[in-house]
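Close look at the chain arrangement
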Amino acid sequence: MLHFPLENDWKVRLSDELQKPYFLKLLAFLQEEYESQTVFPKPTDVFNALNYTPFEDVKVVLLGQDPYHGENQAHGLSFSVQKGEAIPPSLRNMYKELQDDLGCTPPAHGDLTKWARQGVLLLNTVLTVRKGSANSHKHVGWELFTDQIIRKLSDRKAPVIFLLWGNPAQQKGERIDSSKHTILTAPHPSPLAAYRGFFGSKPFSRVNEQLRIQGMKEIEWTIDNN
């Protein structure tokens, strides 16, 4: 039987969700998929976004879609790829905007774990994918699960900053209480959309400005090459 480790306060917050019929059906689907297909990320990485960024530590949510579907890319964090893999085009554009916004030199790798460790929840709306087949695990239950993650953060008293890039992410904004939380929207950083307003949107400095207003520690967005 597959094991998808969930180790921190999220396990308690999501305990009811993990027992719902749709989630048990999702687990059965994943069991079959991992046995019969090549699926990313590996099971122990599926909940990395939650494991690296506990519920109580979330300052920012950066919402992605589904994991990268190439070999050795996905490791459970939206937009992030494992070290040693080529930096995907959307992430390259994020690094370009980060340099223009805050002067941060782009690193030679695409591992965003440093952001996750500081309270940036790098959450995809779908957490698994079949090799070479984007959106192949869409509409099998993950969206219901990640909707609940967003709702639980929306219900939280402490404010959260949501970065919603592109229409699919922005549709999730309907589940967020904008009277308590900050929602920063922009076009997606993909090559198809980045020039329509992602470049120049200054999301990184705007997040830190909001954190200052809230009296919270800013995110150190610079990623080194180590």
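So, here's what we can say about the structure.

What counts as what
Residues numbered from 1 in each chain as written. Predicted model: local features only at pLDDT ≥ 70, side-chain atom pairs only at ≥ 80, totals over all residues. Heavy atoms only, no water. Helix = DSSP H or I, 4+ residues; strand = E, 2+ residues; numbered from the N terminus. Buried < 20%, exposed > 50% of the residue type's maximum accessible area, 1.4 Å probe, protein only. 1 Å grid on protein atoms, 1.4 Å probe; cavity = no way out; pocket = protein on both sides within 12 Å on 5 of 7 lines; lining within 4 Å. Points joined across faces, edges and corners; volume = space filled by probe spheres on them. Nonpolar A, V, L, I, M, F, W, Y, C, P; charged D, E, K, R; others polar. Salt bridge = Lys/Arg side-chain N within 4 Å of Asp/Glu carboxyl O. Pairing = 2+ DSSP bridges. Axes fitted to C-alpha atoms, helices over the stretch in contact; angles between N-to-C directions. Contact = heavy atoms within 4.5 Å.

1. Side note on the overall build of the protein
Counting its regular elements, the protein contains eight helices and six strands. Traced from its N-terminal end to its C-terminal end, the protein shows the element sequence α-α-β-α-β-α-α-β-β-α-β-α-β-α. By its C-alpha atoms, the protein is 45 × 40 × 30 Å across when sized along the principal axes. Evaluated residue by residue, the protein yields a buried proportion of 54% over its 226 residues.

2. Side note on the layout of surface pockets
Here the largest pocket is characterised by a volume of approximately 400 Å³. Residue composition of the lining of the largest pocket, by class: seven nonpolar, ten polar and one charged.

3. What to know about the pattern of salt bridges
A full pass over the atoms with the stated rule returns eight salt bridges. Note that Arg175 is salt-bridged to Asp147, the shortest N-O span being 3.1 Å. Linking Arg175 in the loop between α7 (167-171) and β6 (182-186) with Asp147 in helix α6 (residues 142-155), this pair joins segments that are 28 residues apart in sequence. What makes Asp147 buried here is its relative accessible area of 8%. Counted as one network, the salt bridges with shared partners bring together Asp147, Lys172 and Arg175.

4. Some words on empty space enclosed by the protein
Under the counting rule described, the total for this entry stands at two cavities of 30 Å³ or more. Considering the residues around the largest cavity, the lining is formed by Pro41, Val46, Pro67, Tyr68, Ala74, His75, Gly76, Leu77, Ser80, Asn124, Val126 and Leu127. Approximately 30 Å³ is the volume attributed to the second largest cavity. Forming the boundary of the second largest cavity are Leu163, Trp165, Leu184, Thr185, Ala186, Ser201, Pro203 and Arg206. Where the lining of the second largest cavity is concerned, the elements lending two or more residues are β5 (161-165), β6 and α8 (203-213). Among the elements that line the lining of the second largest cavity, the one with the most residues is β6, at three residues. When its residues are assigned to classes, the lining of the second largest cavity shows five nonpolar, two polar and one charged.

5. Digging into the sheet that holds β5
Backbone-to-backbone hydrogen bonds pair the strands of a sheet. The strands run either parallel or antiparallel. The parallel open sheet is built from four strands, whose spatial order is β3-β2-β5-β6. Each having just a single partner strand, β3 (120-124) and β6 make up the two edges of the open sheet. The mean angle between the axes of side-by-side strands here comes to 20°, regardless of whether they run parallel or antiparallel. Across five bridges, the pairing between strand β2 (residues 60-64) and β3 is parallel.

6. Here we look at the pairing of β5
The element β5 is largely enclosed, with a buried count of five among its five residues. Neither face of β5 is left uncovered, since the one carrying Ile161, Leu163 and Trp165 and the one carrying Phe162 and Leu164 both have all their residues buried. By the bridge criterion, four bridges tie β2 to β5 in an arrangement that is parallel. Paired with Val61 across the two strands is Phe162, which belongs to β5. Here β5 runs beside β6; their pairing, made up of five bridges, is parallel. Looking at the pairing, Trp165 lines up with Ala186 of β6.

7. Comments concerning the environment of Asp45
Note that Asp45 resides in the loop between β1 (39-40) and α3 (48-52). By relative accessible area, Asp45 is classed as buried at 12%. C-alpha of Asp45 to C-alpha of Phe4: the two residues are 41 residues apart in sequence and 7.6 Å apart in space. With sequence-adjacent residues up to four places away left out, Asp45 is seen in contact with His75 and Gly76.

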